[in-house]
Amino acid sequence: MAAIKLGLIGFGIMGERLLRAALAHDRHVITVSGAYDPAPDTTERLHAIDARLTAFATAAEVIAHSDCLHIASPPASHLGYLRRCHAAGKSALCEKPLAVDVETAVTAVSELVAAGMRAAVNFPFASSFGVDQINSWMREGRVGTPQRLDIVIQFAAWPRPWQIDAAGWLDARAEGGFTREVASHFLFLTRRQLGPLQLISADTAYPIGGKSERAMRAELTAGGIPVTLEGSVGTTQLDDHNSWTLTGDSGRIRLRDWSIAEAETNTTWQPPADAKSNEVMRPLVLARQLDKIAAMTRSESTNLATLAEALEVQSAVEAILQSTSNRAPLTQA
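Predicted, not measured: the structure shown is a model, and the values here were computed from it.

About the criteria used
Starting from 1, residues in each chain are numbered consecutively following that chain's sequence as written. pLDDT decides what is reported in this predicted model: residues at 70 or higher carry local features, side-chain atom pairs at 80 or more are listed and counted, and totals for whole chains, interfaces and linings draw on all residues regardless. With hydrogens and water stripped out, all remaining heavy atoms of the structure feed into the side-chain values. Where helices and strands are cited, they refer to DSSP runs of H or I of at least four residues and of E of at least two residues respectively, numbered from the N terminus. Atoms counted for the radius of gyration: C-alpha only. Globule rule: 2.2 Å times residue count to the power 0.38. Residues count as neighbours in contact if any of their non-hydrogen atoms are within 4.5 Å of one another. The accessible surface values rely on the Shrake-Rupley method and a 1.4 Å probe; as for residues, cover is taken only from the protein chains in view. When charges are tallied, Lys and Arg are placed among the positive residues and Asp and Glu among the negative ones, while His and the ends of the chain are skipped. Charge coordinates come from a single atom per side chain, which is NZ of Lys, CZ of Arg, CG of Asp or CD of Glu. Salt bridges are defined by distance alone: a side-chain nitrogen of Lys or Arg within 4 Å of a carboxyl oxygen of Asp or Glu. Working definition: with a 1.4 Å probe on protein chains only, accessible area under 20% of the residue-type maximum means buried, over 50% means exposed, and in between means partly exposed. The pairing criterion for strands is at least two bridges between them, as found by DSSP. Axis definition: a line fitted to C-alpha atoms, limited for helices to the stretch in contact. Angles are taken between N-to-C directions and run from 0 to 180 degrees. Two N or O atoms count as a polar contact when they lie within 3.5 Å, although within protein this holds only if one can serve as hydrogen donor and the other as acceptor, and sequence-adjacent residues are included solely when both atoms are side-chain atoms. Nonpolar core, defined: a set of buried Ala, Val, Leu, Ile, Met, Phe, Trp, Tyr and Cys residues in which side-chain atoms within 4.5 Å join the residues together.

Draft legend 1. Representation of the overall build of the chain. Scanning the chain from terminus to terminus reveals 10 helices and 13 strands. Computed over the C-alpha atoms, the radius of gyration of the chain is 20 Å, within 12% of the 20 Å expected from 2.2 N^0.38 for a compact globule of 333 residues. For the chain, the C-alpha atoms occupy an extent of roughly 55 × 50 × 40 Å along the three principal directions. For the chain, contacts bridging at least 24 residues in sequence account for 71% of all contacts bridging at least 6. For the chain, the accessible area works out to roughly 14300 Å², and carbon and sulfur atoms hold 52% of it. Separation between the mean location of the 31 positive side-chain charges and that of the 36 negative ones in the chain comes to 2 Å.

Have a look at this one:
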């Protein structure tokens with residue numbers, strides 16, 4: 001079976017991360033055809049990683065030379081590239097969000113799903129070892145009947161230090177912010193674990209004119225289970241701190257800092273003996289994602305996030321962001 005040729009549209013942080021993972025992957029499963037990004041230093045950056053990599057001059061060229069495309073451009077361009085990939089008969093793994101306009105995304109997803117496009121959205125919790133442990137504990141009855149879910153995401157600053165080069169759009173209100181970039185992952189996980197999302201109320205603060213949110217709180221339900229989601233900037237000394245805590249009538253479990261699953265025993269949180277940090281686990285999770293990307297491209301079944309799931313998450317995110325507590329922007333810092 002021939003290896004899947006993976007091309008990249010957008011060579012920012014996420015594009016480079018997946019490219020490096022693909023170069024380290026089994027070459028019998030997946031290879032890299034090259035990348036397209038309009039940034040003038042794309043060729044230099046690609047060749048600093050591997051001099052054999054091709055920097056394509058247009059998106060059309062990388063699409064033509066690939067079996068599957070990783071769409072890692074800014075959000076406003078995602079749907080257009082998805083349509084172009086489908087028109088060329090190629091599969092695609094798209095970064096989230098699908099778009100920032102929900103109505104446009106509804107139309108596009110309906111069209112692409114009806115046409116049978118082989119597409120998924122890059123929510124790595126679909127391949128998380130920590131989520132595997134959460135699932136195992138739930139099957140074992142460690143939680144019992146779920147009663148509530150609490151999600152907390154915190155940042156020392158936004159964007160995070162490793163995202164500064166993308167701050168132009170990542171910290172803009174139109175396409176950026178931590179709710180789209182980070183909370184969406186945990187809403188996807190919530191949808192997978194508990195059921196359909198319904199937003200009850202939200203309050204989002206935009207204290208800096210033209211910039212993305214700095215605080216957010218939302219009340220939702222997932223499969224009828226109450227969910228509280230809170231996000232804030234400047235409330236931790238860590239670049240990125242998060243927890244997803246499920247409480248049931250038999251106990252509590254959580255996923256902390258992206259990858260560490262923990263169960264509560266006598267008021268103490270205990271991880272499995274083999275628990276590892278997100279930095280250690282990320283390449284292993286990406287390798288799992290790559291295997292599934294190849295399988296999807298071959299029209300095999302996978303558990304990658306579907307377009308429909310991503311649309312449901314996006315709908316909740318955009319509704320949260322429209323519920324503002326600071327409608328009049330303050331002076332930009």
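Draft legend 2. Geometry of the pattern of salt bridges. As enumerated under the stated definition, the model contains 19 salt bridges in all. Notably, a salt bridge pairs R45 with E16, separated by 2.9 Å at the nearest N-O pair. Here R45 is found in helix α2 (residues 42-49), whereas its partner E16 is found in helix α1 (residues 13-23), with 29 residues between them in sequence. Judged by its relative accessible area of 22%, E16 falls in the partly exposed class. Across the salt bridge formed by R298 and E300, the nearest N and O atoms sit 3.1 Å from each other. In this structure, a network of salt bridges that share partners links the residues R254, R256, D257 and E262.

Draft legend 3. Main features of the sheet that holds strand β5 (residues 119-121). Pairing is parallel in the open sheet, where five strands are placed in the order β2-β1-β3-β4-β5. The open sheet has two free edges, formed respectively by β2 (30-36) and β5, since each of these has just one partner strand. Ignoring strand direction, the axes of neighbouring strands in this sheet form an average angle of 20°. When strand β1 (residues 4-9) meets strand β3 (residues 68-71), the two strands line up parallel, connected through four bridges. Each residue of the ladder has a partner; that of L6, found in β3, is C68. Across the sheet, helix α4 (residues 78-87) is in contact with β1, β2, β3, β4 (91-94) and β5; its angle to β3 comes to roughly 175°.

Draft legend 4. Looking closely at the side chain of E262. Along the chain, the position of E262 falls in strand β12 (residues 260-265). A polar contact is formed between the side chain of E262 and the side chain of R256, at a distance of 3.0 Å. When residues no more than four places from it in sequence are discounted, the contact partners of E262 are W137, I253, R254, R256, W269, Q270 and P271.

Draft legend 5. Focus on the nonpolar core. Core analysis: the biggest nonpolar cluster contains 71 residues, and L82, L98, L229 and W244 have the highest contact counts within it. Excluding residues that lie within four positions of it along the chain, L82 makes contacts with I71, A92, C94, L98, L112, M117, A119 and L307. Of all hydrophobic cores here, the second largest spans 24 residues; its members include L53, L93, L286 and L304.

Draft legend 6. Expanded view of the sheet that holds strand β9 (residues 225-233). Sheet architecture is open: eight strands sit in the order β7-β8-β9-β6-β10-β11-β12-β13, paired in mixed fashion. Pairing within the sheet leaves two strands with one partner each, and these edge strands are β7 (197-205) and β13 (268-270). Across the sheet, the axes of successive neighbouring strands diverge by a mean angle of 20°, strand direction being ignored. Relative to β13, β12 runs antiparallel, the two being bridged by three bridges. Among the inter-strand pairings, A263 is bridged to a residue of β13, identified as Q270. Along the sheet, helix α8 (residues 178-194) contacts β6 (146-155), β7, β8 (215-222), β9, β10 (241-248) and β11 (252-256); its crossing angle with β6, the most-contacted strand, is approximately 160°.

Such coordinate-based values are descriptive only and should not be taken to indicate function.
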